[in-house]
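What follows is each chain in one-letter form.
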Amino acid sequence: MAFNKIWYTMALGLLLPFSYAHTDFFTSIGHMTDLINTEKDLVVSLKDYIKAEESKLEQIKKWAEKLDQLTDTATKDPEGFLGHPVNAFKLMKRLNTEWGELESLVLKDMSDGFISNMTIQRQFFPNDEDQTGAAKALLRLQDTYNLDTDTLSRGNLPGVKHKSFLTAEDCFELGKIAYTEADYYHTELWMEQALKQLDEGEVSSADKVYILDYLSYAVYQQGDLPKAMMLTKRLLELDPEHQRANGNMKYFEYILAKEKEANKSSTASEDQMEKETEVKKKDYLPERRKYEMLCRGEGLKMTPRRQKRLFCRYYDGNRNPRYILGPVKQEDEWDKPRIVRFLDIISDEEIETVKELAKPRLRRATISNPITGALETAHYRISKSAWLSGYESPVVSRINTRIQDLTGLDVSTAEELQVANYGVGGQYEPHFDFGRKDEPDAFKELGTGNRIATWLFYMSDVSAGGATVFPEVGASVWPKKGTAVFWYNLFPSGEGDYSTRHAACPVLVGNKWVSNKWLHERGQEFRRPCTLSELE
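Residues numbered from 1 in each chain as written. Predicted model: local features only at pLDDT ≥ 70, side-chain atom pairs only at ≥ 80, totals over all residues. Heavy atoms only, no water.

A. Representation of the overall build of the protein chain in the model. The number of helices and strands found in the protein chain is 17 helices and 17 strands. In the protein chain, which comprises 536 residues, the proportion classed as buried is 42%. Here the analysis covers contacts within the protein chain between residues at least 6 apart in sequence; of these, 73% occur between residues at least 24 apart. As displayed, the protein chain has an accessible area near 31100 Å², and 56% of this comes from carbon and sulfur atoms. (Helix = DSSP H or I, 4+ residues; strand = E, 2+ residues; numbered from the N terminus. Buried < 20%, exposed > 50% of the residue type's maximum accessible area, 1.4 Å probe, protein only. Contact = heavy atoms within 4.5 Å. Areas by Shrake-Rupley, 256 points an atom, 1.4 Å probe, with all protein chains shown as cover.)

Quick look at the structure:
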């Protein structure tokens, strides 16, 4: 018995590290699907516990009903009742034995199975970071796709299969997370939404006093003193003794009096506010605006003349023997930089194999620090990725060969196939794939030169959002399962093509899976000869 206990402890110790292996759930929808199964298992366990409790109560109820009738009869004529020897015996038996058994039944804890299961499953639960990450994702989607809080709260999103809504308590939680990040703009939006839903009669545990407390301060922090005072007055109507609100009200009245006094002699305050507003506008970078517009499908449109230069064709990989009799479908997505899409280029079976190989290895995607070269996570890249080598699966090897045949580039110096799955509001903000001149050691450890080109497979359809956009030129490439896009990151001279700066837009609705191959300069000397012109 002692040995079994020791073995169980050792086994548990071995299991625990693996249970914590999948962190950052919010960065991968693929990993979040495991949580659905975990929750389903807990619900089944909870229902079993309820049945056990109901069965226990049913037994107690039957016992109580039986004794109720018996004692009613006995108390009417105690001596006559006990004059029957069987009744006398059964009374002794009940009080000596059966009431003790009932006591044991009442004290029996039916929750052991559920609590045990809960303890095991808790190891796989998301943590505070996941909850905060998912909340920030909703705020990011709200900004990128110009969604008002009411639309998001009611779950009125394009392409949704399973509509869901946010309660007033959920809205309050989003506002609190924004407040913790000193994001008073979103704090105001979500506290107002929580208040609106409560005012409309929603039954909730959220307290208007708490909401107004956060809301008035967030509004004050954004410079709207009259509104902050109005909200504080409303708070004090609900709770006249609220200490902080009373203190704030006195402070707001003092500030307002000072401002009125200052306004009589000067308009400096207004000028200062205008300057601050102007600074805020300047802080909002043009690239960010372009990026978000492209994500919404509001980007620059090609002129008819340029559109006429885009074609679709059957492509045989420059007379590659594998594709002469069975060419692939290719279409132009953009002219400069030239971005082409290959259609029906990866089968559903290959996609599932790649996903199955990658899923156990998915880890939070990292970026290379340009100063230290160390890999680190970043808020602007919300996804998980895994790397697959050609030698570990014939499917991956076949995919690598296909890329080589159709691009004409040597894949022996390329990086391994990277598989990525995006999380809640998953994105990768504008970036370059190639190493710039100020990053001379970007791929030094590989010894294969710079990233000459990018091949990107779309392994899922996305209901809304998730486009690959190029803010410099205004191109938007939308995910389509089974297709791949290809572009060169470098000119033939080896100089970087800065127009290839691109981004993965946040996924609004759906689950985005992609895989990409970064091809490097080494081995391409005769496949893509260098030109004399720097920008050709």
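B. Region of the structure containing unusual backbone geometry. That bond from Lys336 to Pro337 is cis: its omega, -5°, falls within 30 degrees of zero. Phi is positive for Ala182, which is not a glycine, with a value near 60°. On the secondary structure map, Ala182 appears in the loop between α8 (168–180) and α9 (184–199). Looking at Ala182, the relative accessible area reads 46%, which means it is partly exposed. Here the phi dihedral of Asp344 falls at roughly 50°; this positive angle occurs in a residue that is not glycine. When you line up the elements, Asp344 lands in the loop between β3 (339–343) and α16 (348–358).

C. Up close: the pairing of β3. Where burial is concerned, most of β3 is hidden: five out of the five residues are buried. Bridge count for strand β2 (residues 328–334) against β3 is five bridges, and the pairing is antiparallel. Note that in β3 the partner of Asp332 across the bridge is Val340. Where β2 folds back onto β3 in an antiparallel hairpin, the turn is made up of four residues. Relative to strand β14 (residues 483–488), β3 runs antiparallel, the two being bridged by three bridges. From the neighbouring strand, Phe342 faces β14, where its bridge partner is Ala484. (Pairing = 2+ DSSP bridges.)

D. Here's a closer look at the state of the cysteines. Overall, the coordinates contain one disulfide when judged by the stated rule. Between the sulfur of Cys295 and that of Cys505 lies a disulfide, 2.0 Å long from S to S. Torsion about the S-S bond of the Cys295 and Cys505 cystine: about -85°, corresponding to left-handed handedness. With a gap of 210 residues between them, Cys295 in helix α14 (residues 286–295) and Cys505 in the loop between β15 (502–504) and β16 (507–509) connect regions that are remote in the sequence. With a relative accessible area of 2%, Cys295 lands in the buried category. (Disulfide = S-S within 2.5 Å.)

E. Seen up close, the environment of Leu174. Structurally, the position occupied by Leu174 is in helix α8. Under the relative-accessibility criterion, Leu174 is labelled buried at 6%. Linking Leu174 and Leu138, residues 36 residues apart in sequence, is a C-alpha distance of 8.6 Å. Filtering out sequence-adjacent residues up to four positions away, Leu174 remains in contact with Ala135, Leu138, Leu166 and Trp190.

F. Molecular detail of the packing of α8 against α9. Packing of α8 against α9 brings their axes to within 8 Å, and their N-to-C directions diverge by 165°. Here α8 lies roughly antiparallel to α9, going by the angle between them. Here α8 and α9 pass one another in a crossing that is left-handed. Seen from α8, the contacting residues are Ala168, Cys171, Phe172, Leu174, Gly175, Lys176, Ala178 and Tyr179; seen from α9, they are Tyr184, His186, Thr187, Trp190, Met191, Gln193, Ala194, Gln197 and Leu198. Here the residues of the contact of α8 with α9 are counted per class, giving 11 nonpolar, five polar and one charged. (Axes fitted to C-alpha atoms, helices over the stretch in contact; angles between N-to-C directions. Parallel < 35°, antiparallel > 145°, perpendicular 65-115°, else oblique. Left-handed = near helix turned anticlockwise from the far one by under 90°. Nonpolar A, V, L, I, M, F, W, Y, C, P; charged D, E, K, R; others polar.)

G. Expanded view of the sheet that holds strand β17 (residues 513–520). A sheet is described by the order of its strands in space; here nine strands give the open sequence β1-β2-β3-β14-β10-β17-β8-β7-β4, paired in antiparallel fashion. A single partner strand is all that each edge strand has here, and the edge strands are β1 (312–315) and β4 (363–364). Contacting β7 (383–388), β8 (417–422) and β17, helix α2 (residues 29–76) crosses the sheet at an angle of about 55° to β8.

H. Spotlight on the layout of surface pockets. The computed volume of the largest pocket comes to approximately 1400 Å³. In terms of lining, the largest pocket is formed by 42 residues, of which the most central are Ile29, Met32, Leu138, Ser164 and Val424. At the level of secondary structure, the elements contributing two or more residues to the lining of the largest pocket comprise α2, α6 (128–144), α7 (149–153), α8 and β16. The greatest single-element share of the lining of the largest pocket, amounting to six residues, is contributed by α6. In the lining of the largest pocket, the residues fall into 23 nonpolar, 13 polar and six charged. (1 Å grid on protein atoms, 1.4 Å probe; cavity = no way out; pocket = protein on both sides within 12 Å on 5 of 7 lines; lining within 4 Å. Points joined across faces, edges and corners; volume = space filled by probe spheres on them.)

I. Structural detail: a positive patch on the surface. On the surface, a cluster of positive charge is made up of Arg305, Lys308, Arg309 and Lys336. On the secondary structure map, Lys308 appears in the loop between α15 (304–307) and β1. (Patch = residues over 30% accessible without salt bridge, like charges linked within 9 Å, V, L, I, M, F, W, Y side chains within 5 Å. Salt bridge = Lys/Arg side-chain N within 4 Å of Asp/Glu carboxyl O. Lys, Arg positive; Asp, Glu negative; His and termini not counted. Charge placed at Lys NZ, Arg CZ, Asp CG, Glu CD.)

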